[in-house]
Amino acid sequence: MKHRAEYEICGRYEYLEEHHLIPGIANRKLSDRYKLKINICRACHNNIHNKKELLDWSKKRGQKLFERKHSREEFIKVFGRSYL
Ligand SMILES: [Zn+2]
Ligand SMILES: [Zn+2]
């Protein structure tokens, strides 16, 4: 698995897209509410949705971001499970 820096700062700054760290229809809104989002280029964005290990990284990253301000119990209450 590649280091996270390669995905957020891969050297490409064109076509930046917003990625919701915890994906899924219901989780998208929750990711919005808790600002669990990153801007990545289109290529990285495709990668993240197509490779399971990157999607796992994304969920963990989202939860870590959430837990800067909230507890793990709250995360589980909101998202239904823990990824860490
Ligand atoms: Zn996305
Ligand atoms: Zn990229």
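Chains are numbered independently. Their residues run from 1 in the order of the written sequence. Key to labels: chains lettered from A, ligands numbered from 1, both in the order written. Reporting of local features is limited, given that this is a predicted model, to residues whose pLDDT is at least 70; pairs of side-chain atoms are given and counted only at 80 or more, and all residues count toward the totals for whole chains, interfaces and linings.

Visitor: How should I be thinking about the overall build of the protein in this particular structure?
Guide: Counting its regular elements, the protein contains five helices and two strands. Here a helix means four or more residues in a row that DSSP labels H or I, a strand means two or more in a row labelled E, and each is numbered from the N terminus. Shown N-terminal to C-terminal, the secondary structure of the protein runs as helices and strands in the order α-β-α-β-α-α-α. Counting all 84 residues of the protein, 20% fall into the buried class. Note that contacts rest on C-beta atoms placed from the backbone: two residues are in contact if these are within 7 Å. A separation of at least 24 residues holds for 54% of the contacts in the protein among residues at least 6 apart in sequence. Using C-beta atoms placed from the backbone, we call a residue buried if 20 or more other C-beta atoms fall within 10 Å of its own, exposed if 12 or fewer do, and partly exposed for counts in between.

Visitor: In this structure, what is going on with the pairing of strand β2 (residues 37–40)? I would like to understand it.
Guide: Regular strands place their side chains on alternate faces of the sheet. Side chains Ile38 and Ile40 of β2 all project onto a buried face; the interleaved residues Lys37 and Asn39 project onto a face where none is buried. In short, DSSP must find at least two bridges between two strands for them to pair. Pairing geometry for strand β1 (residues 17–20) and β2, over four bridges, is antiparallel. Following the sheet pairing, His19 is matched in β2 by Ile38.

Visitor: How should the nonpolar core be read in this particular structure?
Guide: Side chains that are nonpolar tend, in soluble globular proteins, to be buried together. We define the nonpolar core as any set of buried residues of the types Ala, Val, Leu, Ile, Met, Phe, Trp, Tyr and Cys, connected via C-beta atoms lying within 7 Å of each other. In terms of nonpolar packing, the biggest core is built from ten residues, these being Leu21, Ile22, Leu36, Ile38, Ile40, Cys44, Ile48, Phe66, Phe75 and Phe79. Secondary-structure elements contributing two or more residues to this core are β2, α3 (42–50) and α5 (72–79).

Visitor: Can you walk me through unusual backbone geometry in this structure?
Guide: Leaving glycine out, the prevailing phi sign among residues is negative, and the prevailing peptide bond configuration is trans. Phi at Lys35 takes a positive value of approximately 55°, unusual for a residue other than glycine. Along the chain, the position of Lys35 falls in the loop between α2 (25–33) and β2.

Visitor: Just checking my understanding: could you explain the confidence of the model for the protein for this structure?
Guide: In low-pLDDT regions, the fine details of the predicted coordinates are not to be read closely. Predicted confidence across the protein gives a mean pLDDT of 87, with 87% of residues reaching 70 or more. Values of pLDDT, which run from 0 to 100, indicate the predictor's confidence residue by residue. α5 holds the highest mean pLDDT among the elements of the protein, 98, whereas helix α1 (residues 5–8) holds the lowest, 50. Low pLDDT, under 50, characterises residues 1–7; the stretch is placed with seven contacts to residues that sit more than four places away or in other chains.

Visitor: How do you make sense of the packing of α3 against helix α4 (residues 52–66) when you look at a structure like this?
Guide: Closest axis-to-axis distance for the α3/α4 pair is 5 Å, and the angle between their directions is 95°. When the axes of α3 and α4 are compared, the pair comes out roughly perpendicular. Residues Asn47, Ile48 and His49 of α3 touch α4, and the partners they reach there are Leu54, Leu55 and Ser58. All residues other than Ala, Val, Leu, Ile, Met, Phe, Trp, Tyr, Cys, Pro, Asp, Glu, Lys and Arg, Gly among them, are scored as polar; the first ten of these are nonpolar and the last four charged. Its residues placed into classes, the contact of α3 with α4 shows three nonpolar, three polar and no charged. Angles run from 0 to 180 degrees between N-to-C directions of axes, and those axes are lines fitted to C-alpha atoms, restricted for helices to the stretch in contact. When an angle is under 35 degrees it counts as roughly parallel; over 145 it counts as roughly antiparallel; between 65 and 115 it counts as roughly perpendicular; any other value is oblique.

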